[in-house]
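Summary of structural features
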Amino acid sequence: FTPGYYCSPILRSYAKRAFQCNQHTMWKSLVILHQLTLDLMNIEQNAFSPYSNTMTEESCFTVTRNNNETSICRLIGYKKKFVAFFSGDLDAASKMHELCQEYPIPSGGRLVSAIVSLFLDGLIGFFF
């Protein structure tokens, strides 16, 4: 997955800048997308580690769920669904599809990730 090698440093740079500017929602989004590139390249690395010794994707999800940050929860669900799908684990992708249903996009939302997610939902549906 060659494009990831180019995206990873760029996402890391933007995430660092968002963190420095206290743009926490943008920072979390960029770190999650950075983690997506790492996971798709099979690189065992925690994208949150430069910012926190204890934060992981799971702990970020728990905190954002408790703070009712639905957009970040939805992004983490999409990220996990994409990784599961592209790794060939359609059972996990199906579970992530169910999780994502808990965080719907408000009406009028037109996100590329939502469009790709809907397409993957259809492919996952063909599996079952």
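See the structure printed just above.
So, here is what we can say about the structure in this document.

The rules behind these values
Residues numbered from 1 in each chain as written. Predicted model: local features only at pLDDT ≥ 70, side-chain atom pairs only at ≥ 80, totals over all residues. Heavy atoms only, no water. Helix = DSSP H or I, 4+ residues; strand = E, 2+ residues; numbered from the N terminus. Contact = heavy atoms within 4.5 Å. Axes fitted to C-alpha atoms, helices over the stretch in contact; angles between N-to-C directions. Parallel < 35°, antiparallel > 145°, perpendicular 65-115°, else oblique. Nonpolar A, V, L, I, M, F, W, Y, C, P; charged D, E, K, R; others polar. Core = buried A, V, L, I, M, F, W, Y, C linked by side-chain atoms within 4.5 Å. Buried < 20%, exposed > 50% of the residue type's maximum accessible area, 1.4 Å probe, protein only. Left-handed = near helix turned anticlockwise from the far one by under 90°. Salt bridge = Lys/Arg side-chain N within 4 Å of Asp/Glu carboxyl O.

Here we take up the side chain of His34. Checked against the element boundaries, His34 lands in helix H2 (residues 24–40). Ignoring anything within four residues of it in the chain, the contact list for His34 reads Ser8, Leu11, Arg12 and Ala47.

What follows concerns the packing of H2 against helix H4 (residues 70–86). Close contact between H2 and H4 brings their axes to 10 Å; oriented N to C, the two are set at 5°. Relative to H4, H2 is oriented roughly parallel. The residues of H4 that touch H2, namely those facing Thr25, Lys28, Ser29, Ile32, Leu33, Gln35, Leu36, Asp39 and Leu40, are Ile72, Leu75, Ile76, Lys79, Phe82, Val83 and Phe86. Across the contact of H2 with H4, the residue classes break down as ten nonpolar, three polar and three charged.

Turning to the nonpolar core, a few remarks are in order. Core analysis: the largest hydrophobic core is formed by 22 residues, its most contacted members being Trp27, Val31 and Phe48. Secondary structure elements with two or more residues in this core: helix H1 (3–20), H2, helix H3 (57–66), H4 and helix H5 (90–100). With five residues, the top contributor of residues to this core is H2. Setting aside residues no more than four positions away along its own chain, Phe48 makes contact with Trp27, Val31, Ile32, Met55, Thr56, Glu57 and Cys60.

Located in the positive-phi region is Asn22, a residue other than glycine, with phi close to 60°. By secondary structure assignment, the location of Asn22 is in the loop between H1 and H2. Judged by relative accessible area, which is 52%, Asn22 ranks as exposed.

Right, let's talk about the packing of H4 against H5 for a bit. Following both chains from N to C, one finds H4 and H5 inclined at 165°, their axes separated by 8 Å at the closest point. Comparing the axis directions of H4 and H5 gives the class roughly antiparallel. Here H4 runs over H5; the crossing is left-handed. Together, Arg74, Gly77, Tyr78, Lys80, Lys81, Ala84 and Phe85 of H4 and Leu90, Ala92, Ala93, Met96, His97, Leu99 and Cys100 of H5 make up the contact between the two elements. Each residue belonging to the contact of H4 with H5 can be placed in one class, and the counts come to nine nonpolar, two polar and three charged.

As a working rule, side chains carrying opposite charge can pair if their charged atoms are close by. If you walk through the whole model with that rule in mind, you get four salt bridges. Salt-bridge contacts for Lys28 lead to Glu69; the nearest nitrogen and oxygen are separated by 3.2 Å. Placement of the pair is Lys28 in helix H2 and Glu69 in the loop between H3 and H4, with a sequence separation of 41 residues. A relative accessible area of 10% means that Lys28 is categorised as buried. For Glu58, the salt bridge is made with Lys80, and the minimal N-O distance between the two is 2.2 Å. In this pair, Glu58 sits in helix H3 while Lys80 sits in helix H4, placing the two residues 22 residues apart along the sequence. Because the salt bridges share partners, they merge into one network encompassing Asp39, Glu57 and Lys79.

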